[in-house]
Amino acid sequence: MTAPEITVAAPFTVQVDQNPYLAPGTTRVDAVVTVTATGAGAPADALEIVVVDVSGSMGGDKIRSARQATAAAIAELRDGVAFAVIAGDHRARQVYPDAGTARADERTRAEATARVGELQADGGTAIGTWLSAARDLADRHPDAVRHAILLTDGQNGESTPEFLRAVRSCVGVFTCDCRGVGTDWRVDELRTVASSLLGSVDIVARPDDLAADFRALTGAAMAKNVAELWLRLWTPQGATVRFLKQVAPAVEDLTDRRVEAGRQRGAYLLGAWGAESRDYHLCVDVTPAPVNAPVRAARVELVRGGSHDVFAQANVTAEWTDDVVRSSAIDPRVAHYTGQVALAAAVADGLAAREAGDVARAEERLGEAVRLAAESGHDDTAQLLAGVVDVLDAKTGTVRLRADADKAGTMALDARGTRTIQVGRRG
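Description of the structure in this document. Every residue gets a number counted from 1 within its own chain, in the order that chain's sequence is written. Where local features are concerned, this predicted model is filtered to residues with pLDDT of at least 70; where side-chain atom pairs are given and counted, the filter is 80 or more; whole-chain, interface and lining totals use all residues. Excluding hydrogens and water, the side-chain figures rest on all heavy atoms present in the structure.

## Digging into helix H11 (residues 407-416)
Argument step 1. The classification of residues rests on relative accessible area computed with a 1.4 Å probe and restricted to protein chains. Under 20% of the type maximum is buried, over 50% is exposed, and intermediate values are partly exposed. Helix and strand definitions here come from DSSP, where helices need a minimum of 4 consecutive H or I residues and strands a minimum of 2 consecutive E residues; each element is numbered from the N-terminal end. When H11 is considered as a whole, its buried residues turn out to be Ala-408, Thr-410, Met-411, Ala-412, Leu-413 and Ala-415.
Argument step 2. Note on contacts: a residue pair is in contact if any heavy atoms of the two residues lie within 4.5 Å. Where the residues of H11 are buried, they touch helix H5 (187-196), strand E11 (201-204), helix H8 (332-356) and helix H10 (379-386).
Argument step 3. Its side-chain oxygen placed 3.3 Å from the backbone nitrogen of Ala-408, Asp-406 serves as the N-cap of H11. Pairs of N or O atoms within 3.5 Å make up the polar contacts considered here, provided that, within protein, one atom can donate a hydrogen while the other can accept it, and that residues adjacent in sequence are counted only when both atoms are side-chain atoms.

## Looking at the packing of H10 against H11
Argument step 1. Their axes nearest at 9 Å, the elements H10 and H11 cross at an angle of 145°. Pair H10 / H11 crosses with left-handed handedness. Taken together, the residues of H11 that come into contact with H10 (itself represented by Thr-381, Leu-384 and Leu-385) are Gly-409, Ala-412, Leu-413 and Arg-416.
Argument step 2. Among the residues forming the contact of H10 with H11, the class breakdown is four nonpolar, two polar and one charged. The convention used is that axes are lines fitted to C-alpha atoms, helices contributing only their stretch in contact, and that angles between N-to-C directions extend from 0 to 180 degrees. Put simply, a crossing is left-handed when the front helix is turned counterclockwise from the back one by less than a right angle, and right-handed when it is turned clockwise. For this classification, the nonpolar set comprises Ala, Val, Leu, Ile, Met, Phe, Trp, Tyr, Cys and Pro, the charged set comprises Asp, Glu, Lys and Arg, and every other residue, Gly included, is treated as polar.

## Concerning the sheet that holds strand E13 (residues 240-248)
Within a beta sheet, neighbouring strands are joined by backbone hydrogen bonds and run either parallel or antiparallel to one another.
Argument step 1. For two strands to be treated as a pair, DSSP must find no fewer than two bridges joining them. Taken together, the five strands give an open sheet; going across it, the order is E2-E4-E17-E13-E14, and neighbouring strands pair in antiparallel fashion. Sheet topology places strand E2 (12-17) and strand E14 (252-253) at the edges, where each strand pairs with a single neighbour.
Argument step 2. Sheet topology places strand E4 (residues 28-37) next to strand E17 (residues 276-285); 10 bridges connect them, and they run antiparallel. Paired with Thr-34 across the strands is Asp-279, a residue of E17.
Argument step 3. Its contacts with the sheet place H8 against E2, E4, E13 and E17, and it is angled at close to 90° to E4.

If you want it as structure tokens, here you go:
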């Protein structure tokens with residue numbers, strides 16, 4: 001069931017899929033909100049920062065590949081884009097330019113590439129310090145699409161409070177895609193950075209694959225043309241937002257990131273946008289109304305950062321009915337993403353139990369993940385799961401932990417376990 005689309009500005013649309021019909025007395029309203037951007041308009045001013053680990057463990061093939069990957073990212077920069085390269089060990093040292101940022105052109109790209117070619121591996125790992133240096137640069141470009149790539153091969157040497165303070169200080173300042181090379185880094189550390197800064201996390205097990213990955217990440221950043229988009233949510237008096245989760249292209253819980261935006265309104269930062277589509281699962285508790293009396297359960301608005309102009313908006317509705325057939329139907333898109341979130345949770349729970357040595361729990365939850373992946377056609381996740389467990393029966397989720405599980409494969413499952421399959425809309 002689809003609510004009518006309301007479009008205010010052509011570059012964005014908001015569409016709602018839900019079953020608005022509820023049994024008498026029911027309070028929970030679920031909807032999938034699809035935000036789509038056409039990418040129309042001139043390219044935005046942009047800032048690109050590459051933060052490359054040059055600690056001692058990055059020697060050999062890793063540092064050579066890191067140099068090549070950083071050079072590949074520099075080559076992707078549009079003319080006029082502000083950029084900088086930071087080398088990270090137990091400090092954060094600016095590689096290019098000497099201070100501040102440079103504007104990309106033929107000369108600055110060549111100079112930066114030459115400097116990067118001189119990077120050597122030595123020292124420790126201080127990811128929070130690196131992020132703070134990137135934040136200082138990003139603060140100088142408040143109106144730009146600000147993006148960073150962070151590469152490391154090791155575990156953070158700072159205290160947890162120090163690290164988390166640095167991450168929090170960067171929230172809303174720039175987005176950050178994180179990559180771990182090899183298998184000695186921690187997925188949870190980079191996920192903390194990527195999740196907080198609205199980016200992605202992934203493993204690059206083979207150093208030779210870094211350049212292609214950096215090229216793709218930089219190209220995607222160059223395609224963004226809206227620096228800061230917010231989803232603003234109005235709910236009626238007495239209503240409560242149970243949760244708001246991004247459910248495609250990856251699962252990300254935004255519930256606790258709400259910023260109050262006026263009476264009965266909250267706003268959620270969605271980050272920078274280009275031509276793309278993302279899906280969000282909204283769940284609201286509302287006060288029941290009489291049968292056959294439709295109400296608005298929420299209004300979703302898209303707002304550019306620093307502006308009150310609404311790009312697009314749509315309504316989430318509710319109507320109570322005595323018709324059991326109507327009220328018991330589940331919208332297919334809501335059902336799909338509920339299953340996708342359950343799959344991500346099963347993977348996370350199973351890997352945590354495996355790490356803790358709880359074999360029974362690990363096999364139970366990873367088996368559930370195998371079953372959900374098979375049911376939803378999530379072949380990529382199913383393939384990664386098969387590297388961690390022997391699948392005895394996919395339909396029932398019967399598995400056995402593999403003693404010979406490859407570490408890189410396990411880390412890939414951990415890093416990519418929140419990715420989802422985006423389901424199309426009807427009509």
